[in-house]
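# Overview (structure and organization)
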Amino acid sequence: PRSDCIAAEQLCLSDASCNGTYRTLENCALAKTRLLPLDHDSRVRCLNAELDLGNSSLLHCKCHRRMKRQEHCLRVFWTVHSSMTDGYFNLETSPYENPANEEHWETDYNKLAALLSGKDCSQLAGDATNPCLKATHVCNLSKKCVRLRTDYASICTKGVGSEDTCDRRKCHRGLRNFFEKVPADFTKRILFCPCHDELCGERRRKTIVPDCSFQYNTKPNCLWLLDSCLEDHICKSRLADFQQHCQPADTSPDGCSQHNHAACLQAYMGMIGTPMTPNYVSNSSVEISLWCTCESSGNQKEKCDQILGMFESNKCL
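Cut-offs applied
Positions within a chain are numbered from 1, following the residues in the order the chain's sequence is written. Only residues with pLDDT of at least 70 are given local features in this predicted model, and only at 80 or more are side-chain atom pairs given and counted; all residues enter the totals for whole chains, interfaces and linings. Each side-chain value is worked out from all heavy atoms of the structure, with water and hydrogens disregarded. UniProt positions are given in the numbering used here, feature names are shortened, and annotations may be inferred rather than shown by experiment. The way it works is that DSSP assigns letters per residue, a run of H or I at least four long becomes a helix, a run of E at least two long becomes a strand, and they are numbered from the N terminus. Under the scheme applied here, a residue whose accessible area is under 20% of the maximum for its type counts as buried, over 50% as exposed, and between as partly exposed, the area being computed with a 1.4 Å probe on protein chains only. Only heavy atoms enter the contact rule, under which two residues are in contact if any of them lie within 4.5 Å. Residue types Ala, Val, Leu, Ile, Met, Phe, Trp, Tyr and Cys, when buried and joined through side-chain atoms within 4.5 Å, form a set referred to as a nonpolar core. By convention in this document, the label disulfide applies to cysteine sulfur atom pairs within 2.5 Å. Orientation is described by axes fitted as lines to C-alpha atoms, over the contacting stretch for helices, and by angles from 0 to 180 degrees between their N-to-C directions. With respect to orientation, any angle under 35 degrees is reported as roughly parallel, any angle over 145 as roughly antiparallel, any angle of 65 to 115 as roughly perpendicular, and every other angle as oblique. Crossing chirality is assigned from the near helix's rotation relative to the far helix, an anticlockwise turn below a right angle marking it left-handed and a clockwise turn marking it right-handed.

In the annotation of an unreviewed UniProt entry, the protein chain is listed under the name GDNF family receptor alpha-4 and assigned to Charadrius vociferus. Per its UniProt entry, the protein chain bears the Sequence similarities (unreviewed entry) comment "Belongs to the GDNFR family."

Of regular secondary structure, the protein chain possesses 17 helices and two strands. Counting over 317 residues, the protein chain shows a buried share of 47%. For the protein chain, the proportion of contacts with a sequence separation of at least 24, taken over those separated by at least 6, is 71%.

Take the nonpolar core next. Counting 49 residues, the largest nonpolar core has Phe178, Phe179, Phe242, Met276, Leu290 and Phe311 as the members making the most contacts within it. Contact partners of phenylalanine 178, with chain neighbours within four places excluded, come to Cys145, Leu148, Arg149, Tyr152, Thr187 and Ile190. Counting 22 residues, the second-largest nonpolar core is a separate cluster that includes Cys18, Cys63, Tyr96 and Ala240.

Here the focus is the environment of isoleucine 288. Within the fold, isoleucine 288 resides in strand β2 (residues 288-290). When its relative accessible area of 9% is taken as the criterion, isoleucine 288 is described as buried. Separated by 29 residues in sequence, isoleucine 288 and leucine 317 have C-alpha atoms that sit 9.4 Å apart.

What follows concerns the state of the cysteines. Counted under the stated rule, the structure contains 14 disulfides. Bridging cysteine 5 to cysteine 61, the disulfide has an S-S length of 2.0 Å. In this structure the cystine formed by cysteine 5 and cysteine 61 twists about its S-S bond by roughly 95 degrees; its chirality is therefore right-handed. Of the two residues, cysteine 5 is situated in helix α1 (residues 5-13) and cysteine 61 in the loop between α4 (57-60) and α5 (70-80); the sequence distance between them amounts to 56 residues. Residue cysteine 61 is classed as buried on the basis of its relative accessible area of 1%. Here cysteine 222 engages in a disulfide with cysteine 292; their sulfurs sit 2.0 Å apart. Residues cysteine 222 and cysteine 292 are joined by a disulfide whose S-S torsion is about 90 degrees; by sign, that bridge is right-handed. Of this pair, cysteine 222 sits in helix α14 (residues 222-230) while cysteine 292 sits in the loop between β2 and α17 (301-312), and the two are 70 residues apart along the sequence. As far as burial versus exposure is concerned, cysteine 222 and cysteine 292 are alike and both buried.

Here the focus is the packing of α5 against helix α15 (residues 233-245). Taken N-terminus to C-terminus, the directions of α5 and α15 make an angle of 70 degrees; their axes are 9 Å apart at the nearest point. The angle between α5 and α15 falls in the class roughly perpendicular. Where α5 crosses over α15, the two elements pack in a sense that is left-handed. Within the contact between the two elements, α5 uses Gln70, Glu71, Leu74, Arg75 and Trp78 and α15 uses His233, Ile234, Lys236, Ser237, Arg238 and Ala240.

Turning our eyes to something else, we now look at unusual backbone geometry. Notably, arginine 69 is not glycine yet its phi reads approximately 55 degrees, a positive angle. Its location among the elements puts arginine 69 in the loop between α4 and α5. Despite not being glycine, serine 296 has its phi angle at roughly 60 degrees, a positive value. The class for serine 296 is exposed, based on a relative accessible area of 79%.

Moving on, we get to the side chain of threonine 187. Relative to the helices and strands, threonine 187 is located in helix α11 (residues 184-191). The buried category is assigned to threonine 187, whose relative accessible area is 0%. If we ignore the near neighbours within four places in the chain, the residues touching threonine 187 are Phe178, Phe179, Val182 and Met269.

What follows is the structure, given as structure tokens:
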């Protein structure tokens, strides 16, 4: 049976043989993270250690998106699966448990709106032309939603527009907290609200406070963005999840190899608050992108274009 990786690690460490194998894999993963070259014998030793796990629960363990000690769990997963991190298109196995089912994404929006008092109902009715504003009012009904939204908004706006730069790392952490801890009924409405005019579109684009969470003064190369992501257990895990569930397929009628748009949207939300945070590119469309460029990529331009294309021209997403 599949277990979470923290429980699997504890089980392994209590067994002498498994413990030794796991320690070897920890050293292999550390060398890889630090980009230390491994000689032939070391590579063989790492591969054998992974094979030695056999049917160990470590080999099949997963993590939960909203679990406590998530970073620890993900570190265990990538220790065991470190050989899968050679390149972007080898990150196809998500460390996360089963994705959202479609039905979880079909909650009746009116049920949330009905929670409003009479006074607020008239206010909500006036928001018909701006669904993003309406979504914000619905968020305000939930103490958790409004608190965590206020938290990240205040962190992400500090220093923006002044000589001091914002604390992007704290901003990203605040965004992850919001999207992980607030029920998707609220977060998905704010992030994916349907707009018919630019005023609404601009509000949607600014949902994640892009001046801090998304944009730099100049666009970095997408390969640099990828390297930053692969050095971070959470970002690497979210990228693996995104790649698995948003993998486009030209031969598929719905454009998705997994045929599950709900899982793809959830994986997209998981990327927000990581070094590879995506966002809407304008207030007049639903096109999204990473904040990066593939100019000056040299002989790695094709790889760079693939990374950017997973967001910019992904039929599944």
